[in-house]
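Now for the letters of each chain:
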Amino acid sequence: MSLNNININENLIEQMMKLQEQLQIATNKKTTENKKRKKGSYQLLGNGKARLYYMLNRVYYKDTVDAKNDEEALEKLALFVESVEKGQFINTNYTFGEFAQIWLDEKVRPNAGERCVKKYIGALNNRILPYLGNIKLKDLNRQKLEKYFNTIKQTKTNYEKRKENNTVKPATVHKWKSIIHACLEYAVECELLHKNPCDKIKITYTNTTDENTLKELVKSKREKICYYTSNEYKSVCDLLESEFKKYYYDTTIDNDKKLREVGRRFLILLALKTGMRRSELFGLAKNDDYYDLNYEEATFDVNKSRHYLSGKGKFTKYAKNETSIRKKSLPKSILSYLNLYYKLLNNLDYKNMYIFDYLSIDGICSWFSNWQEKNKIKKIRFHDIRHTHATLLLYKGVDVKTISERLGHADIQTTLNIYADVLKELDIKAANKLDEI
């Protein structure tokens, strides 16, 4: 090969190298311009990932995405910036379980009673967090929630002492949904979510083929409030009054037993004749500041409630709304028993301001159930005594507003909803009255 040919080849190689260098510079310049033109920044991590950064309104956002090169990173960065500016990016790595604890501490405990908190914790620990707890808040979408509800509504109760556990009731599943919704709503308030993914979810049972679930659904649809009829009410009151006197005048029993037996019967009588809640009955007090059962005025004054929690014992709560605080009339039939009961407390030198504090708040329910069984009386729950009070007043023609105020309902609609079946029956009777004219 001649010398001239070698020089020509070297010149050609040199030109090609210069051209390649210019192309690389142009490519780098274009990439740099693209980076400057795009909002935010990114960092290639070298493992097929890229970290994205963006600041908006002095709030710093970052995320890690799949990106093998600059081109992919820029595309992901553009989407990331757009989601931040639209308020769709969740700037947190909290799991639902971690945020649920924050919600309990910062939202629930300062605004709810301890019994409510305990119920929430039980539902979260047993029925919600085992399914949703490890899912990141930002990944908890409607699809995952619907999958959870479709699963949980087929599960069974887990009572240890029952021979058989049935499919959980629809009302119970709806309670769990309300807990999840409230928790996620607080995430929206904290600007960790731009919307609540639980908002438009509807739990339906129309397509279920599980026999136990169908039975529970039919039962819940047919379930009505339970109460004593007027004849049953009269028989129960007569028996309670008779036993009250029997134990009151019995000189063969010790004072502690006398107080318990008389007190239980007087408490049930009060519930039947006033419609007070169990916690309100245990909140009745008598001292220099309180005279909640006023013999002279024949009134009962509801202004607080008494509750029990294992590990804490009994504690007092004051009414959370104005309608719960009420002063209403006592029927004359109970005044003589009230007078005797106060005399008994004085004779026994009872010092506690709460006039039923020696009785168990939870135990009174099981005692009442056993008492009905022993005396062959139709069994109703303790809370059904309240339904009995309201229902019998409705049948006696007392207007709904008066009954609503007597029960301490937040509004009259609550009363209308609870006693809808009774009111429907009364409406039919009213219509039939026209045919008698």
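Refer to the preceding data block for the structure.
The present account deals with the structure reproduced in this document. (Residues numbered from 1 in each chain as written. Predicted model: local features only at pLDDT ≥ 70, side-chain atom pairs only at ≥ 80, totals over all residues. Heavy atoms only, no water.)

1. A word on the state of the cysteines
Applying the stated rule across the entire model yields 0 disulfides. Cys 183 provides the cysteine sulfur closest to Cys 190, a residue in no disulfide bond, and the two sulfurs are 9.6 Å apart. Residue classification places Cys 190 among the partly exposed residues on the basis of a relative accessible area of 33%. (Disulfide = S-S within 2.5 Å. Buried < 20%, exposed > 50% of the residue type's maximum accessible area, 1.4 Å probe, protein only.)

2. Quick look at the sheet that holds strand 8 (residues 326-329)
Across the sheet, 3 strands lie side by side as 4-5-8; this open sheet has antiparallel pairing. The sheet is open, and its two edges are formed by strand 4 (293-294) and strand 8, each paired on a single side. Strand direction decides the pairing type here: strand 4 and strand 5 (residues 299-302), joined by 2 bridges, are antiparallel. Bridge pairing in strand 5 places Leu 293 opposite Phe 300. (Pairing = 2+ DSSP bridges. Helix = DSSP H or I, 4+ residues; strand = E, 2+ residues; numbered from the N terminus.)

3. Observations concerning the environment of Trp 103
Within the fold, Trp 103 resides in helix 3 (residues 96-108). We classify Trp 103 as buried; its relative accessible area is 3%. Between the C-alpha atom of Trp 103 and that of Tyr 186, which follows or precedes it by 83 residues, the distance is 6.9 Å. Sequence-distant contacts of Trp 103, that is, excluding residues within four places in its chain, are made with Val 108, Tyr 120, Leu 124, Ile 179, Ala 182, Cys 183 and Tyr 186. (Contact = heavy atoms within 4.5 Å.)

4. Overview of the sheet that holds strand 2 (residues 49-56)
Ordered in space as 1-2-3, the 3 strands form an open sheet in which the pairing is antiparallel. Two strands close off the open sheet at either side, each with one partner strand: strand 1 (41-44) and strand 3 (59-66). Across the sheet, the axes of successive neighbouring strands diverge by a mean angle of 20°, strand direction being ignored. Direction of pairing for strand 2 relative to strand 3: antiparallel, over a ladder of 8 bridges. In the strand pairing of strand 3, Tyr 53 is matched with Lys 62. Lying over the sheet, helix 2 (residues 70-85) contacts strand 1, strand 2 and strand 3, oriented at roughly 35° with respect to strand 2. (Axes fitted to C-alpha atoms, helices over the stretch in contact; angles between N-to-C directions.)

5. Quick look at the packing of helix 9 (residues 255-274) against helix 11 (residues 335-347)
Orientation of helix 9 relative to helix 11, taken along the N-to-C sense of each, is 155°, at an axis distance of 11 Å. Here helix 11 runs roughly antiparallel to helix 9, going by the angle between their axes. The element helix 9 and its partner helix 11 pack so that their crossing is left-handed. Counting all contacts with helix 9, which are made through Lys 258, Leu 259, Val 262, Gly 263 and Phe 266, the residues of helix 11 involved are Tyr 337, Leu 338, Tyr 341, Leu 344 and Leu 345. Tallied by class, the residues present in the contact of helix 9 with helix 11 amount to 8 nonpolar, 1 polar and 1 charged. (Parallel < 35°, antiparallel > 145°, perpendicular 65-115°, else oblique. Left-handed = near helix turned anticlockwise from the far one by under 90°. Nonpolar A, V, L, I, M, F, W, Y, C, P; charged D, E, K, R; others polar.)

6. Topic: the pairing of strand 5
The hairpin formed by strand 4 and strand 5 contains 4 residues between the paired strands, and Ala 298 there has a positive phi angle of roughly 55°. As paired elements, strand 5 and strand 8 share 4 bridges and run antiparallel to each other. What sits directly across from Phe 300, in strand 8, is Lys 328.

7. Here's the deal with empty space enclosed by the protein
If you roll a probe as big as a water molecule over the atoms, it shows you where there is empty space left. Under the criterion given, the structure shown has 1 cavity of 30 Å³ or more. Empty space within the largest cavity amounts to approximately 30 Å³. As for the largest cavity, its lining consists of Glu 280, Gly 283, Leu 284, Asp 292, Asp 301, Val 302, Asn 303 and Lys 304. The residue makeup of the lining of the largest cavity, split by class, is 2 nonpolar, 2 polar and 4 charged. (1 Å grid on protein atoms, 1.4 Å probe; cavity = no way out; pocket = protein on both sides within 12 Å on 5 of 7 lines; lining within 4 Å. Points joined across faces, edges and corners; volume = space filled by probe spheres on them.)

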